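Okay, here's what each chain looks like letter by letter:
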Amino acid sequence: MESTGASPEDQTEVIASFLSDTDAKVFVAGHRGLVGSAIHRKLVALGFTKLLLRTHAELDLTRQADVEAFFAAERPRYVIVAAAKVGGIHANSTYPADFIAVNLQIQTNIIDASLRCTGGAVSKLFFLGSSCIYPKHAPQPIPESALLSGPLEPTNEWYAVAKIAGIKMCQAYRIQHGLDAISAMPTNLYGPQDNFHPENSHVLPALIRRFHNAKISGANEVVVWGTGSPLREFLHVDDLADAVVFLMDRYSGLEHVNVGSGKEVTIKELAELVKEVVGFQGDLVWDKTKPDGTPRKLMDSSMLAGMGWEAKIPLREGLADTYKWYVDNVVDN
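Residue positions are given per chain, counted from 1 along the sequence in the order it is written. Residues qualify for local features only when their pLDDT is at least 70, as the model is predicted, and side-chain atom pairs are given and counted only at 80 or more; totals for whole chains, interfaces and linings, by contrast, use all residues. The basis for every side-chain value is the complete set of non-hydrogen atoms in the structure, without hydrogens or water.

Spatially, β2-β1-β3-β4-β5-β9 is the arrangement adopted by the six strands of the open sheet, whose pairing is parallel. With one partner strand each, in any of the chains shown, β2 (50-52) and β9 (257-259) form the two edges of the open sheet. Across the sheet, the mean angle from the axis of one strand to that of its neighbour is 20 degrees, orientation sign disregarded. When DSSP finds two or more bridges between a pair of strands, those strands are recorded as paired. By definition, any uninterrupted DSSP run of H or I lasting at least four residues is a helix, any uninterrupted run of E lasting at least two residues is a strand, and each is numbered from the N terminus. Pairing analysis gives four bridges linking strand β1 (residues 25-29) to strand β3 (residues 78-81), with the strands arranged parallel. Bridge pairing in β3 links V28 to I80. Contacts are assigned to residue pairs with any non-hydrogen atoms lying within 4.5 Å of each other. All axes here are fitted lines through C-alpha atoms, helices being fitted over the stretch that makes contact, and every angle between N-to-C directions spans 0 to 180 degrees. Lying over the sheet, helix α2 (residues 34-45) contacts β1, β2, β3 and β4 (124-128), oriented at roughly 160 degrees with respect to β1. Taken strand by strand, helix α5 (residues 96-116) contacts β1, β3 and β4, and its axis lies near 165 degrees from that of β4.

The working definition used for a salt bridge is a side-chain nitrogen of Lys or Arg within 4 Å of a carboxyl oxygen of Asp or Glu. The final tally for this structure, using the stated rule, is 15 salt bridges. Linking R63 and D66 is a salt bridge whose minimum nitrogen-to-oxygen distance equals 3.1 Å. Taking the relative accessible area as the measure of exposure, R63 reaches 49% and is therefore partly exposed. Across the pair E264 and R296 runs a salt bridge whose closest N-O atoms are separated by 2.6 Å. Remark: R296 occurs in strand β12 (residues 296-297) and E264 occurs in strand β10 (residues 264-266); sequence separation between them is 32 residues. Its relative accessible area of 31% is what places E264 among the partly exposed residues. Buried, partly exposed and exposed residues are distinguished by accessible area as a fraction of the type maximum, computed with a 1.4 Å probe on protein chains only: under 20%, between the cut-offs, and over 50%, respectively. A relative accessible area of 29% places R296 in the partly exposed class. Within this structure, K25, R54 and E74 form a network of salt bridges that share partners.

Before going further, it helps to examine the pairing of strand β8 (residues 231-236). A large share of β8 lies buried, amounting to five of its six residues. Where strand β6 (residues 188-190) lies against β8, three bridges are found, and the strand directions are parallel. Bridging from a neighbouring strand, N188 pairs with F234 of β8. Examined bridge by bridge, β8 and β10 share three bridges and lie antiparallel to one another. The partner of R232 across the bridge, within β10, is V265. Where β8 meets β12, two bridges bridge the pair, whose relative direction is parallel. Directly across from L231, in β12, lies its bridge partner R296.

Along the chain, T322 falls in helix α11 (residues 315-331). Throughout this description, a polar contact denotes any pair of N or O atoms lying within 3.5 Å of each other; where both atoms belong to protein, one of them has to be capable of donating a hydrogen while the other can accept it, and for residues adjacent in sequence the pair is counted only when both atoms sit in side chains. One polar contact links the side chain of T322 to the main-chain carbonyl oxygen of G318, over a distance of 2.8 Å. Discounting chain neighbours no more than four positions away, the residues touching T322 are Y190, G191, P192, F196, I208 and H236.

Looking now at the packing of aromatic side chains. Any two rings among Phe, Tyr and Trp, with Trp reduced to its six-membered ring, count as a pair given centres within 6.5 Å; such a pair is stacked if its planes are under 30 degrees apart, edge-to-face if over 60, and tilted if neither. All told, the structure shown has nine aromatic pairs when counted by the stated rule. Pairing F211 with F280 gives two aromatic rings, centres 5.7 Å apart and planes at 50 degrees, and the pair type is tilted. Remark: F280 occurs in the loop between α9 (267-278) and β11 (283-287) and F211 occurs in helix α7 (residues 203-217); sequence separation between them is 69 residues. Only when the NZ atom of a Lys or the CZ atom of an Arg is both within 6 Å of the ring centre and within 35 degrees of the ring normal do we say a charge sits over the ring. A cation over an aromatic ring shows up here: K85 above the ring of F99, its NZ or CZ 5.3 Å from the ring centre.

What follows deals with the nonpolar core. Put simply, a nonpolar core is a bunch of buried Ala, Val, Leu, Ile, Met, Phe, Trp, Tyr and Cys residues held in one set by side-chain atoms that sit within 4.5 Å of each other. One finds F27, L61, F71, V79, I110, L125 and Y134 to be the most contacted residues of the largest nonpolar core, which totals 42 residues. Within the residue set of this core, elements represented by two or more residues are β1, α3 (64-74), β3, α5, β4, α6 (157-177) and β5 (181-186). Examining the composition of this core, we find that seven residues originate from one element, α6, more than from any other. The residues touching V79, leaving out its near neighbours within four places in the chain, are F27, F71, I110, S114, V122, K124, L125 and F126. F48, Y78, V237 and A243 belong to the second largest nonpolar core, which has 34 residues in total.

Put into structure tokens, the structure is as follows:
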């Protein structure tokens, strides 16, 4: 298969800096999700004026012909892949075929169309993954080198395998075709547009919802599973958006990059902080008969830190921002 993309040398001559190229067309795939909406807000704030945004109804990213037609018509200069089929443990277990097939289709169609876009229009592509790509028993903190070093967590392996394939596809297209495709793997994310569904939300939005409901109903206590001892890392999605822009501007390497806050908090500390932010006055009770889960999960983000980037939003400030969004957009609706 012949390369139809621009060489790295040509790309450097055309575009010196992503941040200085605010008149360029930028396709943000998945702009209405947790991550994509944050990237959209960041780019608007930076003065980007030609953002290409399409809903699923307007562009089905699983349909190769439709994606190729979109790229041929719009010819974006930058592509950010934040679109994905995501869900909790129950969804992954119930719909494994969807999680592997849909994600493979989305990323394959976008990456390949970016290469084949007329005249090498796409100067740079950014692929976003997830920390679930790493083995279940990866060393802590988890370095980039832990990828493919052991078995995955069985509960989300279908999604993880697709994301690993996306990383490897970016690397392969860089090696064979000179496509400037980079990848980043964020830690646990939270913020506006998070999923607060009662059955399949992650720990932080689940705690916010439960403490809010307890406050409104006048409950005396909120029961949380386990001992509260496991350590977790959280990153506000606006910090991730800042890291995406930073890497788009400064990084063009083969290896994927971890993006984390570098700060750990116990589930107990997290629950107490959410209780305070929400304003719940009752008791916090730990059901120690229930499992704790993995004792520790922390990303090693020293590679990104070495480039000069660090997270800026403190957890308490981020939680207050997220709770306000939840009340204004989920509760009130």
